[in-house]
Amino acid sequence: MKNTLLRKLMVLFFVVFFCAVGGLTYFAYQSSRDAMLYEFKVRGRSLAKAIASESRTYFHNRNVEGFTTLLQSLGETEDVLAILTYRSPQTLWIEFAGIELTAEDLPLRETTDIWQQDKVLSKGHVVSEFGNAVVDDTKLALGAGQGAASPLGWIRVFLDRQALEQRLNTLVNRTLLISGVIVMLGGGLFIWLLRQSLHLIGPLTAATKKVAQGDLHTTVPVSSHDELGELAQAFNSMTEQLLTTTVSKNYVDNIIRSMIDTLIVVNPDGTIGSVNRAALHLLGYEEQELLGQHITILYQQKEGLLSGKSHEELLRKNVVDHGETTYRTKDGRAIPMLLSEAVMRDDDGSIQGVACVGKDMTVIKQAEEQLRLHETALESAANAVAITDRTGRITWANPSFTVLTGYSREEAIGQDMRILKSGRHDQPFYQNLWDTILSGKVWQGEVINRKKDGSLYIEEETITPVYGQKGEISHFISIKQDVTERKRGEEAIRKAHQTLKELDQLRSQFFSDISHELRTPLTVIRGEAEVTLRGKDKPLAEYKTVLERIVHLTNQVNKLVGDLLFLSRSESGTIEISKHPVPLIDILLEVHQESQVLAERKHTTVTLNSRNGTIIVNGDPQRLRQLFMIIVDNAVKYTRPGGTIEVNLERDETHARVIVADNGIGIPEKDLPHVFQRFYRVKRRRQDQVESGTGLGLPIAKWIAESHDGTASIVSVVDRGTTVTVGLPLYGVQTPSADG
């Protein structure tokens, strides 16, 4: 019977378990497969569309080299086998392929705007083809309403279908492997639990032999006051009532057999003399199968209160014993029992047997085990768990609660949860929380609380109502997870993302400005040269004028490239700043001498004033000369003829200051915050009659000043002049660094 029941339960379990795991496995595989196929198609269409969008310029300019470089970079993308471009359905323009393609694979048979198909190439490669027409947006916009514009060409992208199938096969294998592991683990756990349950049921004792034979003078000593003791008292009262009323043996037997608890009577020789129906039902035996059998048939490995020496000692001492034991059923299951045993004697004092009254403890043991497991799980949970009464007073907390809040369990129990309030939430927040949980709903949200040490932390909290036996809310379970670090990480990621966006915008603007700055003078040079070469012979003076113009523009380009290289090296940290003590007046004298040449051309005057003695700074003479030359050159350039530029050298206790002031055209107030930004140029008025710079001089000057732990600032008033002040720390004076 045991094996039959075991097999049935195992078959039933595995049928249900296999169906559940199989269904979940199939659903997981199908979902993953559909997602992978969809992602594969979207990636192919997006790649073809992106190439078609990026290639318009290359098609217009027929830029084979640039387009080939683009295709090579895109061809290194995962699963890309080949990228083909066509100027017409019969003309293959550029081919980039990582596989061997035959002449049969190259013709373009699809000329729609967008297409996608799966195919097998001549060499056996299984691919998915994604196509996209290259459309000229300009022509399309101009021709709106006049019919669709013809494409500039077509793009074909071959993605490796075999690689996708391999990933799908890998997904199948992994899914089957995980399902197999789950089935094995689940099946093993079930078999283990099932066997434990089957071995927890032990044998039951029979009713006392004397009572079974109709001897109503037998009494059972009562040694406990539990349910079994009460049952023994009831048994004695029953025999007394039977003696008083002289009821029949059958009547007594019927009463014994109708008992809810098990009753087994054991003869002095250890054989079973009587057993009630409750015992037979629990143990799975027929009455004839137990009567006359030794009581050890009901005990596992001769363990129990009535086994071996325990039985003999009980008979000798004539005592009542009680305790926990285990009965073994006919099918081998073990059942925990609370057993009370009493020696039965007749009027002569002869031992008639032992009455064993037992109560099945299976449900109680299971409940105790569940409580133990639940308590262990809560104790070992990584999240903080606290249980409060209906008013919010803490009645239990796990160790993680102490780790999170700093309050020990002893300190927390009896306290109100308000001890964690930080004051960062208003009253409506807490009112909504209490309204939710008191209505029987689960509340979830983020809360800023305060630890025992006063520090703040952010937690994700879930509060669940617990109902009592009367159906009313008696307690609340609060589960808390510290998300402070996660919130900090999210904020850091958000800031980093914003920084990257700003850097990307700066990069785009940087390259756009470089392109514009280089293209303008080069275009002028080319135009001057072409016009001069195409025309008839001109006077030598005219050729000289053109060449001077070209040389001037070439110098501008050379200066721009030099400035760009300087900024690039400054960002990469490859510019060496060789600092040593330098008299600042020596550098300013050199700058003043060079600026005089520039000033004479503009009919302006540059004066140098120094009210102090020798002022020494720790710096790189070459870079400092470049710094002041940029500032003085700007002053000369934007000062009208007849104007003056003053260069003043001053100092205080810690710093030297070089002040360059002019009475030129000035800078509008709205432009002042941006003049140190790269490529930022002030829009000049027509009456100013000055040529705008590249927008790189002042950024370079500021970088040089800051690399010397100095500062650069500017003030200006339109039509009144501009003043630039450079501050540098004096040599030998300790000052905070620019980073500090």
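Refer to the structure above for everything that follows.
The present account deals with the structure reproduced in this document. (Residues numbered from 1 in each chain as written. Predicted model: local features only at pLDDT ≥ 70, side-chain atom pairs only at ≥ 80, totals over all residues. Heavy atoms only, no water.)

Right, let's get into the sheet that holds strand E19 (residues 644-651). Ordered by their spatial adjacency, five strands build an open sheet running E17-E19-E20-E22-E21, and the pairing between neighbours is mixed. Two strands lie at the open edges of the sheet, namely strand E17 (605-610) and strand E21 (711-717), each paired on one side alone. Averaged over all pairs of adjacent strands, the angle between their axes in this sheet comes to 15°, without regard to strand direction. Of the strands in this sheet, E17, E19, strand E20 (655-662) and strand E22 (721-729) are in contact with helix H19 (residues 621-637), which crosses E22 at around 170°. (Pairing = 2+ DSSP bridges. Helix = DSSP H or I, 4+ residues; strand = E, 2+ residues; numbered from the N terminus. Axes fitted to C-alpha atoms, helices over the stretch in contact; angles between N-to-C directions. Contact = heavy atoms within 4.5 Å.)

In an α-helix, one turn spans 3.6 residues; hence positions three or four apart end up facing the same way. For helix H20 (residues 697-707), the complete set of buried residues consists of Gly697, Leu698, Pro699, Ile700, Ala701, Ile704 and Ala705. Just beyond H20, the residue with positive phi is Asp709, at close to 60°. (Buried < 20%, exposed > 50% of the residue type's maximum accessible area, 1.4 Å probe, protein only.)

Attention shifts here to unusual backbone geometry. In the Ramachandran plot, His603 falls in the positive-phi region, its phi being about 60° despite a non-glycine side chain. With respect to the helices and strands, His603 occurs in the loop between helix H18 (584-602) and E17. Given a relative accessible area of 59%, His603 falls into the exposed group. We note that Asp719 has phi near 65°; this positive angle belongs to a residue other than glycine. Here Asp719 is to be found in the loop between E21 and E22. On the basis of relative accessible area, Asp719 is assigned to the partly exposed category, the value being 40%.

With that out of the way, let us pick up the environment of Arg174. When you line up the elements, Arg174 lands in helix H5 (residues 161-198). A C-alpha to C-alpha distance of 9.6 Å links Arg174 and Tyr29, two positions 145 residues apart in sequence.

With that settled, the discussion passes to the packing of aromatic side chains. For the coordinates displayed, the defined rule picks out three aromatic pairs. Relative to Trp443, the ring of Phe429 has its centre 5.9 Å away and its plane inclined at 90°; by these criteria the two rings are edge-to-face. One end of the pair, Phe429, is in helix H15 (residues 427-438); the other, Trp443, is in strand E13 (residues 443-450), and 14 residues separate them in sequence. Residue classification places Trp443 among the buried positions, given a relative accessible area of 6%. (Phe/Tyr/Trp six-rings, centres within 6.5 Å; stacked < 30°, edge-to-face > 60°.)

So, about the nonpolar core. It is characteristic of soluble globular proteins that their nonpolar side chains tend to be buried jointly. Ranked by internal contacts, the top residues of the largest apolar core, which has 41 residues, are Leu584, Leu627, Phe628, Val658 and Val660. Listing elements by their share of this core, those giving two or more residues are H18, H19, E19, E20, H20, E21 and E22. For this core, the element with the most residues is H19, which contributes nine residues. Of all hydrophobic cores here, the second largest spans 21 residues; its members include Val134, Val157, Leu159 and Leu168. (Core = buried A, V, L, I, M, F, W, Y, C linked by side-chain atoms within 4.5 Å.)

What follows is about the packing of H18 against H19. Running from N to C, H18 and H19 point in directions that differ by 30°, and their axes come no closer than 9 Å. In terms of orientation, H18 lies roughly parallel with respect to H19. Judged by the sense of rotation from one axis to the other, the crossing of H18 with H19 is right-handed. Between H18 and H19, the residues in contact are Leu584, Ile587, Leu588, Glu590, Val591, Glu594, Ser595, Leu598, Ala599 and Lys602 and Pro621, Leu624, Arg625, Phe628, Met629, Val632, Asp633, Val636 and Lys637, respectively. Counted by class, the contact of H18 with H19 contains 12 nonpolar, one polar and six charged residues. (Parallel < 35°, antiparallel > 145°, perpendicular 65-115°, else oblique. Left-handed = near helix turned anticlockwise from the far one by under 90°. Nonpolar A, V, L, I, M, F, W, Y, C, P; charged D, E, K, R; others polar.)

In total, this model carries 25 salt bridges according to the counting rule given. With its nearest N and O atoms 3.9 Å apart, the salt bridge here joins Arg486 to Glu446. Taken together, the residues span a long stretch of sequence, with Arg486 in helix H16 (residues 484-534) and Glu446 in strand E13 at a distance of 40 residues. You can call Arg486 partly exposed: its relative accessible area is 39%. For Glu446, a relative accessible area of 34% translates into the label partly exposed. (Salt bridge = Lys/Arg side-chain N within 4 Å of Asp/Glu carboxyl O.)

Among the nine residues in E22, seven count as buried, and that is most of the element. Pairing geometry for E20 and E22, over seven bridges, is antiparallel. Paired with Ile659 across the two strands is Thr725, which belongs to E22. Relative to E22, E21 is paired through seven bridges, and the arrangement is antiparallel. From the neighbouring strand, Ser716 faces E22, where its bridge partner is Thr722.

What follows concerns empty space enclosed by the protein. Taken as a whole and judged by the stated rule, the model has one cavity of 30 Å³ or more. Estimates place the volume of the largest cavity at around 40 Å³. If you go around the largest cavity, the residues you meet are Leu588, Val591, His592, Ser595, Val606, Leu608, Val632 and Val647. Residue contributions to the lining of the largest cavity peak at four residues, all from H18. Taken together, the residues of the lining of the largest cavity break down into six nonpolar, two polar and no charged. (1 Å grid on protein atoms, 1.4 Å probe; cavity = no way out; pocket = protein on both sides within 12 Å on 5 of 7 lines; lining within 4 Å. Points joined across faces, edges and corners; volume = space filled by probe spheres on them.)

Right, let's talk about the sheet that holds strand E3 (residues 114-120) for a bit. The strand order across the open sheet built from five strands is E2-E1-E5-E4-E3, with neighbouring strands paired in antiparallel fashion. Single-partner strands in this sheet number two, and they are strand E2 (91-97) and E3. Direction aside, neighbouring strands of the sheet carry axes that sit 20° apart on average. Direction of pairing for strand E1 (residues 80-88) relative to E2: antiparallel, over a ladder of six bridges. Across the sheet, the residue bridging to Tyr86 is Leu92, located in E2. In this fold helix H3 (residues 64-75) packs onto E1, E2 and strand E5 (153-160), with an angle of close to 40° to the strand it touches most, E2.

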